[in-house]
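Here's the letter readout for the chains.
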Amino acid sequence: MLTRLEIRLVGRSRADMEALEALLRSQGGIDVTLRQLINGNVDPLEDVEMLPDALVLMVGECWEAELLALCERPVGERPPLLVVGPKGNVELIRLAMRAGARDYFSPPIDDGEIGRFLREIVRDRREEQALPAASLTAVINAKGGSGASLVAANLAHRLAVEGKECALVDMDVQFGSLPLYFNLTPDHGLVQALDAADSLDSLAMSAYVQHHESGLGLLASSPEDRVNLSEVPESRVEQLLHVLGQDHEEVVVDLPRWINGATACVLERADRVLMVMQQSVAHLHDAQRLRDILVHELGLPTARLVVVVNRYDKRNEVSLGAIGDALPGLPLHTLPNDYRHASQSINVGSPLIELARKAPLTRALKALALALMTPREPPVPARRWSLRLWNRTQH
């Protein structure tokens, strides 16, 4: 290990903890603090003054109380978590996910498993020390066809017009349409950039980013690309975002409505997530489901979530009050129903500010962009979502 780690090892069996302690120390560069839970003690982080780099919890017969004690803590007050427990207990694994577990191991644990977990912790520490300068905004439809791409394209363009160095990324590698909004055709785009992610730097990235006359940089798939986003390793998406963040003040990512490792990676890193919906019961139902996934499964603080109600009509039966009641605590922004200008903008490949500067929709998008440019407190880091852990509950 290149970085020394402070690991807190908690459990009820002293013998089992000492065996795992020896395995941890054998990796090198590891300081381990043991804490044995006895009697009525259930909080693995009780009396901790400074959070360790990672918490390893060997659950016992009181596993539910131990994990619930972690769930009750704010996300920012939980260290990266590894849970060690018996095989086949789906409810235990699901609760471990709620508590923010990176992974779940069952004895006997081998060097490869524990080494992988520790390498991820080291990688995360290095990334935290070199966070990208850019503010990252993710835009996603709460229900298909809500208008997320229109919002992402015109929001990013407005940020560029306002003088921000802005990059727009179309993460839909199969059906992405953002180039149409700017009358551009990518030659070497997102898929090639992801393939070369391990060697990407600012200079190399310029070969994949197209520039609109406004100064906006667009990274999207080329027409001949044939790839599924689920095949893209998270590490390549992370590197892509890191390089984009070095040369831009703002990065806007238009996400497909499918949460897997690659899209979850973007959502976890986003300073804000715009959930785009329209006024219908079906949209509201899906918006609630999306919020629950983002908050409870990915661990995003609700302070990062913003609801954008597209095609807003104050006479609609699904009122803003109803939406606010169903999605409490989330800020609401409305965009008026202006199908004519929105459709014309896409058809001619011209952003709304160039096509209809004074249209209500254009003004509403400007207000949204300015609201997002308002300085905010640094967000609490979201926990890293583990696809390995998620997949274990599906069998």
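Reading the values: rules and limits
Residues numbered from 1 in each chain as written. Predicted model: local features only at pLDDT ≥ 70, side-chain atom pairs only at ≥ 80, totals over all residues. Heavy atoms only, no water. Core = buried A, V, L, I, M, F, W, Y, C linked by side-chain atoms within 4.5 Å. Buried < 20%, exposed > 50% of the residue type's maximum accessible area, 1.4 Å probe, protein only. Contact = heavy atoms within 4.5 Å. Axes fitted to C-alpha atoms, helices over the stretch in contact; angles between N-to-C directions. Helix = DSSP H or I, 4+ residues; strand = E, 2+ residues; numbered from the N terminus. Parallel < 35°, antiparallel > 145°, perpendicular 65-115°, else oblique. Left-handed = near helix turned anticlockwise from the far one by under 90°. Nonpolar A, V, L, I, M, F, W, Y, C, P; charged D, E, K, R; others polar. Pairing = 2+ DSSP bridges. Polar contact = N/O pair within 3.5 Å; in protein donor to acceptor, adjacent residues only side chain to side chain.

The protein chain has the name P-loop NTPase in an unreviewed UniProt entry, where Billgrantia desiderata is given as its organism.

S.K.: Run through the nonpolar core, naming residues and quoting values.
M.R.: Judged by nonpolar contacts, the single largest core of 53 residues is most densely connected at Leu219, Val237, Leu240, Leu244, Val253, Val273 and Met277. Those residues in contact with Leu244 that sit more than four places away from it in its chain are Ala167, Val169, Met205, Val209, Leu219 and Val251. Within the second largest apolar cluster, 33 residues are counted, among which are Val151, Val252, Val308 and Leu335.

S.K.: I'd like to hear about the packing of helix 5 (residues 148–161) against helix 15 (residues 360–373), residue by residue, with values.
M.R.: With their axes 9 Å apart at the nearest point, helix 5 and helix 15 run at an angle of 65° to one another. In terms of orientation, helix 5 lies roughly perpendicular with respect to helix 15. You can see that helix 5 and helix 15 cross each other, and the crossing is right-handed. Here helix 5 contributes Leu150, Val151, Asn154, Leu155, Arg158 and Leu159 to the contact with helix 15, which in turn contributes Leu361, Thr362, Leu365, Lys366, Leu368, Ala369, Leu372 and Met373. By residue class, the composition of the contact of helix 5 with helix 15 is 10 nonpolar, two polar and two charged.

S.K.: Break down the pairing of strand 7 (residues 166–170) for me, with residues and values.
M.R.: Summarising burial for strand 7: five of the five residues are buried, a large majority. In strand 7, alternate side chains face the same way, and those of Cys166, Leu168 and Asp170 on one face and Ala167 and Val169 on the other are all buried. Of the pairings in the sheet, the one linking strand 7 to strand 9 (residues 217–219) comprises three bridges and is parallel in character. Directly across from Leu168, in strand 9, lies its bridge partner Leu218.

S.K.: Please give an account of the side chain of His248 that cites residues and values.
M.R.: Among the secondary structure elements, His248 is positioned in the loop between helix 9 (234–247) and strand 10 (250–255). Only 2.9 Å separates the side chain of His248 from the backbone oxygen of Leu244, close enough to count as a polar contact.

S.K.: Can you explain the sheet that holds strand 4 (residues 81–84)? Please cite residues and give values.
M.R.: With parallel pairing, five strands are arranged side by side in an open sheet as 2-1-3-4-5. Lying at the two open borders of the sheet, with one neighbouring strand each, are strand 2 (30–36) and strand 5 (101–105). Ignoring strand direction, the axes of neighbouring strands in this sheet form an average angle of 20°. One ladder, built from seven bridges, connects strand 1 (residues 5–11) with strand 2; its direction is parallel. By the bridge assignment for strand 2, Arg8 is matched with Thr33. Taken strand by strand, helix 2 (residues 63–71) contacts strand 3 (54–58) and strand 4, and its axis lies near 160° from that of strand 3. Helix-sheet contacts for helix 3 (residues 90–98) involve strand 4 and strand 5, and the interaxial angle to strand 5 is about 155°.

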